[in-house]
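Reading the structure
Given next are the chains, with one letter for each unit.
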Amino acid sequence: FAPSFSTNYLDFFMRKPWGEIHKELQMKKKHDIITTVIFNFVFLVSPSVMLYPTFSNWWNQNMASHSVTNYKESVAKMDNSEAEKMLLETHEYN
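Quick look at the overall build of the chain
Along the chain, the regular secondary structure elements total three helices and zero strands. Mapped in sequence order, the helices and strands of the chain form the string α-α-α. Relative to its full complement of 94 residues, the chain shows a buried share of 2%. When the accessible surface of the chain is totalled, it reaches about 9,200 Å², and 66% of it is carbon and sulfur.

Okay, here's the thing in structure tokens:
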């Protein structure tokens, strides 16, 4: 006793010439590849879009922290004479 799908499978190959079967299989492969590419694209882009706000917030906080640290270090290295000179230039400008 053979399963029913094997009969349908054999009928499929017996009714159509090999060229048509080959073309149909190629079209199915192309369709499967296109579907896979679209699925993978959506699968990769969706998390990126969802994680963008979190990542950008972390990045901006990190950059701001570095800026403040660099400013504090440069102020700590500055001589009093440089600070007074800058203050005088500021008063003259205003």
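Some thoughts on the packing of aromatic side chains
Think of a pair of aromatic rings as described by two things: how far the centres are apart, and how the planes are tilted against each other in angle. Taken as a whole, this structure holds four aromatic pairs when the rule is applied. Look at Phe-39 and Phe-43: their rings are 6.0 Å apart centre to centre, the planes differ by 20°, and that puts the pair in the stacked class. You can see Phe-39 and its partner Phe-43 sitting in helix H2 (residues 18-77), four residues apart, about one turn around the helix. No difference in accessibility class separates Phe-39 from Phe-43, as the two residues are exposed. Measuring from ring centre to ring centre gives 5.7 Å for Phe-55 and Trp-58, while their planes differ by 40°; the resulting arrangement is tilted. Taken together, the positions of Phe-55 and Trp-58, both in helix H2 and three residues apart, correspond to about one turn of that helix. Overall, the relative accessible area of 48% leaves Trp-58 in the partly exposed class. Through successive ring pairs, a cluster of aromatic residues spans Phe-55, Trp-58 and Trp-59.

Remarks on the confidence of the model for the chain
Across the chain, the average pLDDT comes to 83, with 78% of residues at or above 70. Ranking the elements of the chain by mean pLDDT puts helix H1 (residues 4-15) last with 57 and helix H3 (residues 80-93) first with 91.

Description of H3
Across its 14 residues, H3 extends 20 Å between first and last C-alpha, which sits within 8% of the 20 Å expected from 1.5 Å per residue. Within H3, only zero of the 14 residues are buried, which leaves it mostly out in the open.

Definitions and cut-offs
- Residues numbered from 1 in each chain as written.
- Predicted model: local features only at pLDDT ≥ 70, side-chain atom pairs only at ≥ 80, totals over all residues.
- Heavy atoms only, no water.
- Helix = DSSP H or I, 4+ residues; strand = E, 2+ residues; numbered from the N terminus.
- Buried < 20%, exposed > 50% of the residue type's maximum accessible area, 1.4 Å probe, protein only.
- Areas by Shrake-Rupley, 256 points an atom, 1.4 Å probe, with all protein chains shown as cover.
- Phe/Tyr/Trp six-rings, centres within 6.5 Å; stacked < 30°, edge-to-face > 60°.
- pLDDT = per-residue confidence, 0-100.
- Expected span 1.5 Å × (residues − 1).

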